[in-house]
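Chains, contacts and geometry: an overview
Okay, here's what each chain looks like letter by letter:
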Amino acid sequence: MVVLGIESSCDDSAAAVLRDGRLAASVVSSQDAVHGPYGGVVPELASRHHVRNLLPVIDAALARAGVAVGQVDAVAVTCGPGLVGSLLVGLTLAKGIAQRRRLPLVGVNHLEGHLLAVNLERPAGDPLPFPFLGLIVSGGHTGLYLARGAGDYACLGRTRDDAVGEAFDKAAKLLGLGYPGGPVIDRLARDGDPKAIRFPRATLKRARFDFSFSGFKTALREYLGQHPTSAEALPDVAASLQEALVDMLVDTTTEALATTGVERLVVSGGVAANRRLRTRMGAAAAALGVEVFFPRPAFCTDNAAMIALAGAPRLAAGAHDGLDLGADADLAFGSRWSP
Ligand code: KG4
Ligand code: ZN
């Protein structure tokens, strides 16, 4: 079975081809240069660029896979959550292809894609065994999910305000470092002292697996107001703010691992590329005897391979969505979990 995956939930236009469960091609067109001057994603610009980019990206994925559009058996497309204008571009294109070619179409939850992206690293037919815990950390999402079985997911907690990637991006903007901010802070932090400045770590007593990054942002703004940052001080500031964000992610995830008792952890989303997070989470998981998986950066950030992969089992089972499938900016993922 040849599945065409399409993803356009935020600012990346992406298409991928999955042949019999194996990735044949994955193409992503980034809009970083478009949104860079604004220090964050501008939704209207994102949808306009999807309109321009998505069709050539699909063509490129098919060409790279050596597949003609007539050989595609099914289409999997992100239907939420995300920016509604962006989602609509991919969804409308997917519906057009499905209708014209009389192909089955499934809508995929973007977060299920991130959670299952780890299986792109594994041979077809050998997915990561359930149950596992998934920490999704990107510019749009921050949440902890328990994957109990195929299609059986529970949400342990998520951010109450900003996503952690957004916190990195806003910090970089305050420091005048450009967009996206995470990679720059990651790089600067290598030469800094993570203990130089103590930024606050939010703990939410009543919803202990939820995250909050707005207090951190306020504290950072206040600090920078009082301590104009010289170029020499930048590495210490970067290392210290990164440490605060990493601490919040590691502490909450460790507690969730201890509470659920699962033995496998997947960390996915753009922020999973962060070196300090990888080191610290790796050590924390090892101390608990938990095996941790970080998909390679190209599978951590938004891509359509993970969407095709997540949709393929449903398509193989003969399930599909109608052409009335809608884009849902706030599409829920997973039942609410309680211990
Ligand atoms: O998954 P992604 O490409 O797109 C979204 O769905 O948002 O994630 C992008 C986010 C940005 O906020 C970016 O600053 C962050 O991931 N990021 C990083 C690193 N690389 C990307 N954050 C911290 N450290 C990194 N090395
Ligand atoms: Zn994402």
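In what follows, the structure referred to is the one given above.
For the structure given in this document, a descriptive report is provided here. What you see is a predicted model, and the numbers here were worked out from it, not measured in a lab.

Definitions and cut-offs
- Residues numbered from 1 in each chain as written.
- Chains lettered and ligands numbered in written order.
- Predicted model: local features only at pLDDT ≥ 70, side-chain atom pairs only at ≥ 80, totals over all residues.
- Heavy atoms only, no water.
- Helix = DSSP H or I, 4+ residues; strand = E, 2+ residues; numbered from the N terminus.
- Rg over C-alpha atoms; globule rule 2.2 N^0.38 Å.
- Buried < 20%, exposed > 50% of the residue type's maximum accessible area, 1.4 Å probe, protein only.
- Contact = heavy atoms within 4.5 Å.
- Lys, Arg positive; Asp, Glu negative; His and termini not counted.
- Charge placed at Lys NZ, Arg CZ, Asp CG, Glu CD.
- Donors = N, O, S within 2.8 Å, 3.2 Å for Na, K, Ca; no water.
- Salt bridge = Lys/Arg side-chain N within 4 Å of Asp/Glu carboxyl O.
- Pairing = 2+ DSSP bridges.
- Axes fitted to C-alpha atoms, helices over the stretch in contact; angles between N-to-C directions.
- Polar contact = N/O pair within 3.5 Å; in protein donor to acceptor, adjacent residues only side chain to side chain.

Moving on, we come to the overall build of the chain. Counting its regular elements, the chain contains eleven helices and eleven strands. Whereas a compact globule of 339 residues would reach a radius of gyration of roughly 20 Å, the chain reaches 20 Å, a difference of no more than 12%. Across the 339 residues that make up the chain, the buried fraction comes to 53%. Pairs at least 24 residues apart make up 75% of the contacts formed inside the chain by residues separated by at least 6 positions. Charged side chains in the chain number 33 positive and 34 negative. The centres of these two groups are separated by 1 Å.

Moving on, we come to the coordination of the zinc ion (ligand 2). For the zinc ion (ligand 2), every protein donor is listed as His110 (NE2), His114 (NE2) and Asp302 (OD), and the spread of their distances is 2.0 to 2.1 Å. Mapped onto the polypeptide sequence, the residues donating to the zinc ion (ligand 2) form the spacing pattern H-x3-H-x187-D. Of this pair, His110 and His114 are both found in helix H4 (residues 110-116), four residues apart, which corresponds to roughly one turn of the helix. Among the residues examined, His114 registers a relative accessible area of 0% and is labelled buried.

Here the focus is the pattern of salt bridges. Scanning all chains against the criterion turns up 15 salt bridges. For Arg48, the salt bridge is made with Glu44, and the minimal N-O distance between the two is 2.8 Å. Here Arg48 and its partner Glu44 are both found in helix H2 (residues 43-65), four residues apart, which amounts to about one turn of the helix. Residues participating in the shared-partner salt-bridge network are Arg201, Glu243, Asp247, Arg276 and Arg280.

An order of E3-E2-E1-E4-E5 is seen for the five strands of this open sheet, with the pairing classed as mixed. Edge strands, defined here as strands with exactly one partner in the open sheet, are strand E3 (22-30) and strand E5 (105-109). Neighbour-to-neighbour, the strand axes of this sheet turn through a mean angle of 20°, independent of strand direction. Sheet topology places strand E1 (residues 2-7) next to strand E2 (residues 12-19); six bridges connect them, and they run antiparallel. The residue bridging Ile6 from the neighbouring strand is Ala15, located in E2.

Moving on: the pairing of E2. Here is the key point about a regular strand: its side chains alternate between the two faces of the sheet. Counting buried positions along E2 gives seven out of eight residues, so the element sits mostly inside the fold. Once E1 ends, the chain turns through four residues before running back antiparallel as E2. Hairpin connection from E2 to E3: two residues lie between these consecutive antiparallel strands, with Asp20 at a positive phi of about 50°.

Let us look at the sheet that holds strand E11 (residues 335-336). Overall, mixed pairing links the six strands, which are arranged E10-E9-E6-E7-E8-E11 in an open sheet. Looking at which strands have only one partner, the edges of the open sheet turn out to be strand E10 (291-293) and E11. Bridge analysis of strand E6 (residues 132-137) against strand E7 (residues 142-149) gives six bridges, and the strand direction is antiparallel. Opposite Phe132, over in E7, you have Ala147 as the bridge partner. The sheet strands contacting helix H8 (residues 234-260) are E6, E7, strand E8 (152-158) and strand E9 (264-268), and the helix crosses E6 at an angle near 160°.

Below, the discussion takes up the side chain of Ser9. Mapped onto the elements of the fold, Ser9 is located in the loop between E1 and E2. Residue classification places Ser9 among the buried residues on the basis of a relative accessible area of 2%. A polar side-chain atom of Ser9 sits 2.6 Å from a polar atom in the side chain of Glu7. When sequence neighbours within four positions are dropped, the list of residues in contact with Ser9 reads Thr78, Pro81, Gly82, Leu83, Ser86, Leu87, His110 and Asp302.

On their own, these measurements won't tell you what the molecule is for.
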